[in-house]
Amino acid sequence: MTKKHYEAIAHIIEDETTIIQHEGGDTSPALWKEETARRLADYFEQDNPKFNRTMFLTACGINQSQT
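All values reported here derive from a predicted model rather than from experimental measurement. (Residues numbered from 1 in each chain as written. Predicted model: local features only at pLDDT ≥ 70, side-chain atom pairs only at ≥ 80, totals over all residues. Heavy atoms only, no water.)

A.B. asks: What should I look at first to understand the nonpolar core in this one?
C.D. replies: Soluble globular proteins tend to bury their nonpolar side chains together. A8, I9, I12, L40, Y43 and F44 form the largest nonpolar core, which has six residues in total. Counting residues per element, the ones that place at least two in this core are α1 (3-23) and α2 (29-47). Among residues more than four places away in sequence, those in contact with I12 are T36, R39, L40 and Y43. (Core = buried A, V, L, I, M, F, W, Y, C linked by side-chain atoms within 4.5 Å. Buried < 20%, exposed > 50% of the residue type's maximum accessible area, 1.4 Å probe, protein only. Helix = DSSP H or I, 4+ residues; strand = E, 2+ residues; numbered from the N terminus. Contact = heavy atoms within 4.5 Å.)

Encoded structure:
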């Protein structure tokens, strides 16, 4: 991984935290984890065509029936 990747990941985590706080929505750790994992998967898919989204989300403990 490069600096670009680390910066993108940090931005996704920071952005997701800010969105949840400002929208006054559900701030549960489970929701934050799910939304952050899905956004990271989006980024990884764009960066690497061989990225396996299902495997990643499963490893994160995200229920695939909700995708």
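So much for the structure itself; the text now carries on.
A.B. asks: Explanation requested: the packing of aromatic side chains in the structure shown.
C.D. replies: On inspection of all chains with the given rule, the structure shows four aromatic pairs. When the centroid spacing of 5.4 Å and the interplanar angle of 90° are considered together, the rings of F44 and F56 count as edge-to-face. With a gap of twelve residues between them, F44 in helix α2 and F56 in helix α3 (residues 53-59) connect regions that are remote in the sequence. On the basis of relative accessibility, which here comes to 18%, the residue F44 falls in the buried class. (Phe/Tyr/Trp six-rings, centres within 6.5 Å; stacked < 30°, edge-to-face > 60°.)

A.B. asks: When you look at the environment of N52 in this model, what are you seeing that I'm missing?
C.D. replies: By secondary structure assignment, the location of N52 is in the loop between α2 and α3. Looking at N52, the relative accessible area reads 37%, which means it is partly exposed. At 3.2 Å, the side chain of N52 and the backbone nitrogen of T54 are in polar contact. (Polar contact = N/O pair within 3.5 Å; in protein donor to acceptor, adjacent residues only side chain to side chain.)

A.B. asks: Sorry if this is basic, but what is going on with the pattern of salt bridges here?
C.D. replies: Proximity of charged atoms lets side chains of opposite charge pair with each other. Following the criterion strictly, the structure yields six salt bridges and no others. The partner of E7 in a salt bridge is K3, with the nearest N and O atoms 3.6 Å apart. In this pair, E7 and K3 both sit in helix α1, four residues apart, roughly one turn of the helix. The class of K3 is exposed, set by a relative accessible area of 62%. Note that E45 is salt-bridged to R53, the shortest N-O span being 3.1 Å. A relative accessible area of 36% means that E45 is categorised as partly exposed. Shared partners join several salt bridges into a network, and the residues in it are D42, E45 and R53. (Salt bridge = Lys/Arg side-chain N within 4 Å of Asp/Glu carboxyl O.)

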